[in-house]
Amino acid sequence: MTIKTISGAELKLLLQNFINTLEDDAQVSFGSGDLTLFRVNEKGPVNGPRMVQIEFNQAYKVTMD
C-alpha cells in the first residue's frame, strides 16, 4: 500500500487564500459531505521534516429495515 502525501508547501498553497477569506460562520464539509474531521496527529520524526496526519471519520447511519 502506498501512503499518499503532499508537501506542506502544496497544502499551504491550496488552502492559504481559502483559510484567509473563510468567515467564522461558514459551513465546511469534507469528502462528499460524508466525512467528519476527527483529529490532527503528529507522526514524527523528532529530527527532520514533520509528518502530520489529518484523520477523518466517515459519517454514516446504520438502519435496520
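Right, let's walk through the structure included here. (Residues numbered from 1 in each chain as written. Predicted model: local features only at pLDDT ≥ 70, side-chain atom pairs only at ≥ 80, totals over all residues. Heavy atoms only, no water.)

**Points about the layout of surface pockets**
In this structure, the largest pocket encloses a volume near 590 Å³. Surrounding the largest pocket, 17 residues form its lining, Ile6, Met51, Val52, Gln53 and Ile54 being those nearest its centre. Counting residues per element, the ones that place at least two in the lining of the largest pocket are helix 1 (8–21), strand 1 (35–44) and strand 2 (51–58). In terms of residue class, the lining of the largest pocket is made up of seven nonpolar, five polar and five charged. Put simply, the second largest pocket is a space of about 160 Å³. Around the second largest pocket, the lining residues are Leu11, Leu15, Phe18, Ile19, Leu22, Val28, Phe30 and Ile54. When residues in the lining of the second largest pocket are grouped by element, the largest group, four residues, is from helix 1. (1 Å grid on protein atoms, 1.4 Å probe; cavity = no way out; pocket = protein on both sides within 12 Å on 5 of 7 lines; lining within 4 Å. Points joined across faces, edges and corners; volume = space filled by probe spheres on them. Helix = DSSP H or I, 4+ residues; strand = E, 2+ residues; numbered from the N terminus. Nonpolar A, V, L, I, M, F, W, Y, C, P; charged D, E, K, R; others polar.)

**Structural notes on the pairing of strand 2**
Pairing of strand 1 with strand 2 involves eight bridges; the strand directions are antiparallel. Paired with Gly44 across the two strands is Met51, which belongs to strand 2. Adjacent in sequence and paired antiparallel, strand 1 and strand 2 are bridged by six residues, among which Gly48 carries a positive phi angle near 105°. (Pairing = 2+ DSSP bridges.)

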